[in-house]
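Report on the structure
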Amino acid sequence: MPAAPQPPGRDAPGALPPVRTRIWDPLLRSFHWLLAAAVITTWLLAKVGPAKMTLHFWLGYFILGLLAFRLVWGFVGPPEARFAHFLRGPGAVTRYARHMFSREPSYWPGHNPLGALSVIAMLGLLAAQATSGLFIDADDYINVGPLASSVSSATRKAMLSWHHLGGTLILLLVLLHVGIILFYRFWKGEDLIRPMVNGWKEVRRRD
């Protein structure tokens, strides 16, 4: 029986030496940092911002626009940005997870199978959060979503409840994201931030 494929780590049979490769295109990198800044600012405004959340709403529209771009870019962008490039099945996720805690860089060409799941989770959660904000009615006659009048009172209350829960879930995902970055940097010796700044990453491709 042939050996199961392994992540492209140092000991993977048939693996080539890592090479410095351009992975992330400028538009994807710009999307990443703009989304990070918008999400952090929007979350802070919701917690400590002014009573009138005009900027919070406008940033929500901006986030929806960024997510629309990412959806399109996931189908027509460069190979590494496409969903088909990094979305893997359960087998690939399991195989990668077995080697995740080894103290060596993964040299993965793009999002690894586990990282891909976090990407989809974050994009989906942000889309749900920003969409729910369009329908909320905070009962203060100030912070009312632009589409609140088109739905029932029960739906508005449900959207408001989800919006509060979504903010907490987003915070947890962001903290997990930062924790994983630190884990890769100090445990695996792999810098995930620099490639998202300059686009270049050491990767190991297979025969």
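Since the model is a prediction, treat every value here as computed from it, not as a measurement.

Re the packing of helix H5 (residues 113-133) against helix H6 (residues 153-186)
The geometry of H5 relative to H6 is characterised by a closest axis approach of 9 Å and an angle of 150 degrees between their N-to-C directions. Taken together, the axes of H5 and H6 lie roughly antiparallel to each other. Taken as a pair, H5 and H6 cross one another with a handedness that is left-handed. Residues Ala121, Met122, Leu125, Leu126, Ala128, Gln129, Ser132 and Gly133 of H5 form the contact with H6, whose participating residues are Met159, Trp162, His163, Gly166, Gly167, Leu169, Ile170, Leu173 and Val174. Residue composition of the contact of H5 with H6, by class: 11 nonpolar, 6 polar and no charged.

Let's talk about the environment of asparagine 198
Mapped onto the elements of the fold, asparagine 198 is located in helix H7 (residues 193-198). Residue asparagine 198 is classed as partly exposed on the basis of its relative accessible area, which comes to 27%. A C-alpha to C-alpha distance of 27 Å links asparagine 198 and valine 93, two positions 105 residues apart in sequence. If near-sequence neighbours (up to four positions away) are discounted, asparagine 198 is found in contact with Arg20, Arg22 and Arg29. A distance of 2.9 Å separates a polar side-chain atom of asparagine 198 from the backbone nitrogen of tryptophan 200.

Focus on the environment of valine 93
Among the structural elements, valine 93 can be located in helix H4 (residues 90-99). You can call valine 93 buried: its relative accessible area is 15%. For the pair valine 93 and asparagine 112, spaced 19 residues apart in the sequence, the C-alpha separation amounts to 8.4 Å. Residues in contact with valine 93, not counting those within four places in the same chain, are Arg88, Pro113, Leu114 and Leu117.

Re the packing of helix H1 (residues 26-48) against helix H2 (residues 54-76)
Relative placement of two packed helices is described by the angle separating their axes and the distance separating the axes. Between H1 and H2, the least distance of the axes is 9 Å, while the angle of their chain directions is 150 degrees. When the interaxial angle is binned, H1 and H2 end up roughly antiparallel. Seen from above, H1 lies across H2 with left-handed handedness. Note on element contacts: H2 touches H1 through Leu55, His56, Leu59, Phe62, Ile63, Leu66, Leu67, Phe69, Arg70 and Trp73, opposite Leu27, Leu28, Phe31, Leu34, Leu35, Ala38, Val39, Thr41, Thr42, Leu45 and Ala46.

With respect to the side chain of asparagine 143
Position of asparagine 143 relative to the elements: it lies in the loop between H5 and H6. At 2.8 Å, the side chain of asparagine 143 and the backbone oxygen of alanine 51 are in polar contact. At a separation of 2.8 Å, a polar atom in the side chain of asparagine 143 contacts the main-chain amide nitrogen of methionine 53. The contacts of asparagine 143, once residues within four sequence positions are left out, are Ala51, Lys52, Met53, Phe57, Ile136, Asp137 and Ala138.

Parameters at a glance
Residues numbered from 1 in each chain as written. Predicted model: local features only at pLDDT ≥ 70, side-chain atom pairs only at ≥ 80, totals over all residues. Heavy atoms only, no water. Axes fitted to C-alpha atoms, helices over the stretch in contact; angles between N-to-C directions. Helix = DSSP H or I, 4+ residues; strand = E, 2+ residues; numbered from the N terminus. Parallel < 35°, antiparallel > 145°, perpendicular 65-115°, else oblique. Left-handed = near helix turned anticlockwise from the far one by under 90°. Contact = heavy atoms within 4.5 Å. Nonpolar A, V, L, I, M, F, W, Y, C, P; charged D, E, K, R; others polar. Buried < 20%, exposed > 50% of the residue type's maximum accessible area, 1.4 Å probe, protein only. Polar contact = N/O pair within 3.5 Å; in protein donor to acceptor, adjacent residues only side chain to side chain.

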